[in-house]
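Here are the chains, one letter per residue:
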Amino acid sequence: VVTVSSLLGGSSSVGAGFLSTALLCAGPQSLAQLLAQVVGAAFGSYGMSAIDYRGALGEMVDETPDELPSSRPRPELGGPLQRFVVRLLGASVGALLAWLAFPPGLDFSLIASSLLVAV
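Criteria and thresholds
Residues numbered from 1 in each chain as written. Predicted model: local features only at pLDDT ≥ 70, side-chain atom pairs only at ≥ 80, totals over all residues. Heavy atoms only, no water. Helix = DSSP H or I, 4+ residues; strand = E, 2+ residues; numbered from the N terminus. Buried < 20%, exposed > 50% of the residue type's maximum accessible area, 1.4 Å probe, protein only. Contact = heavy atoms within 4.5 Å. Areas by Shrake-Rupley, 256 points an atom, 1.4 Å probe, with all protein chains shown as cover. Phe/Tyr/Trp six-rings, centres within 6.5 Å; stacked < 30°, edge-to-face > 60°. Expected span 1.5 Å × (residues − 1). Arc of directions from axis to C-beta. Patch = residues over 30% accessible without salt bridge, like charges linked within 9 Å, V, L, I, M, F, W, Y side chains within 5 Å. Salt bridge = Lys/Arg side-chain N within 4 Å of Asp/Glu carboxyl O. Polar contact = N/O pair within 3.5 Å; in protein donor to acceptor, adjacent residues only side chain to side chain. Axes fitted to C-alpha atoms, helices over the stretch in contact; angles between N-to-C directions. Parallel < 35°, antiparallel > 145°, perpendicular 65-115°, else oblique. Left-handed = near helix turned anticlockwise from the far one by under 90°. Nonpolar A, V, L, I, M, F, W, Y, C, P; charged D, E, K, R; others polar.

*Asks:* Would you take a moment to explain the overall build of the chain for this structure?
*Replies:* The helix and strand inventory of the chain stands at six helices and zero strands. Counting from the amino terminus, the chain carries its helices and strands in the arrangement α-α-α-α-α-α. Burial status across the chain gives 22% buried among its 119 residues. Put simply, 46% of the contacts in the chain that link residues at least 6 apart link residues at least 24 apart. Only carbon and sulfur atoms are counted for the fraction: they give 70% of the accessible area of the chain, which is about 8,300 Å².

*Asks:* Mind showing me how you'd approach the packing of aromatic side chains here?
*Replies:* By convention here, two paired aromatic rings are described through the distance between centres and the angle between planes. This structure, assessed with the given rule, holds three aromatic pairs. Between the aromatic rings of Phe43 and Phe84, the centroid separation amounts to 5.0 Å while the plane-to-plane angle is 45 degrees, which identifies the pairing as tilted. With Phe43 in helix H3 (residues 31-48) and Phe84 in helix H5 (residues 80-101), this pair connects stretches of sequence that are 41 residues apart. Look at Phe102 and Phe108: their rings are 6.4 Å apart centre to centre, the planes differ by 70 degrees, and that puts the pair in the edge-to-face class. Chaining the aromatic ring pairs together yields one cluster made of Phe43, Tyr46 and Phe84.

*Asks:* Honestly, H3 in this entry has me stumped. Any pointers?
*Replies:* Given 3.6 residues to a turn, an α-helix orients residues that are three or four positions apart in the same direction. Taking 1.5 Å of rise per residue, 18 residues should cover 26 Å, and H3 covers 26 Å from first to last C-alpha, within 8% of that figure. Those residues of H3 that sit buried are Gln33, Leu34, Gln37, Val38, Ala41 and Ala42. For H3, the buried positions fall inside an angular range of 160 degrees around the axis, keeping them on one side.

*Asks:* Would you mind going over a nonpolar patch on the surface with me for this structure?
*Replies:* Taken together, the side chains of Leu81, Val85 and Leu89 define a hydrophobic patch exposed on the protein surface, amounting to about 300 Å² of accessible area. By secondary structure assignment, the location of Leu81 is in helix H5.

*Asks:* Help me understand the side chain of Gln37, please; the structure alone is not making it clear to me.
*Replies:* Along the chain, the position of Gln37 falls in helix H3. A polar contact of 2.8 Å, which involves the side chain of Gln37, links it to the side chain of Ser114. Each residue touching Gln37, except ones within four places of it in the same chain, is listed here: Leu110, Ser113, Ser114 and Val117.

*Asks:* Explain the packing of H5 against helix H6 (residues 109-118) to me, please; I cannot follow it from the model alone.
*Replies:* When two helices pack together, their arrangement is given by the angle between their axes and by how far apart the axes lie. In the contact formed by H5 and H6, the axes pass within 7 Å of each other and the chain directions differ by 150 degrees. By the angle between their axes, H5 is roughly antiparallel relative to H6. Note that H5 runs across H6; the crossing there is right-handed. The segment H5 lies against H6, with Ala91, Gly94, Ala95, Leu97 and Ala98 engaging Ser113, Leu116 and Val117. Of the residues belonging to the contact of H5 with H6, the class tally is six nonpolar, two polar and no charged.

Laid out in structure tokens, this is it:
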């Protein structure tokens, strides 16, 4: 939500609060809520795909760097736009499944649809 707010040119705290309130008022399982989940999941996945966890874990673990698991980011085909679009399409499929599978008003639909969109 903060990313979308900052892209729209607003202040991150005021804009995020307004956008979050607007999405909550749109109702459960609304199109706006699912679209926000898709965009958030795609940006999150794209951002996390470039992180090398060895650097972060190496400082927290009392082991030599050779003993840490190798989790360097694997190179992907295509440019940045193609990699983002693939993640956006994957999140969209999850949102479509959530919209079809969960009836409106289901008490855990927000959490369940978030998990489907994120996977």
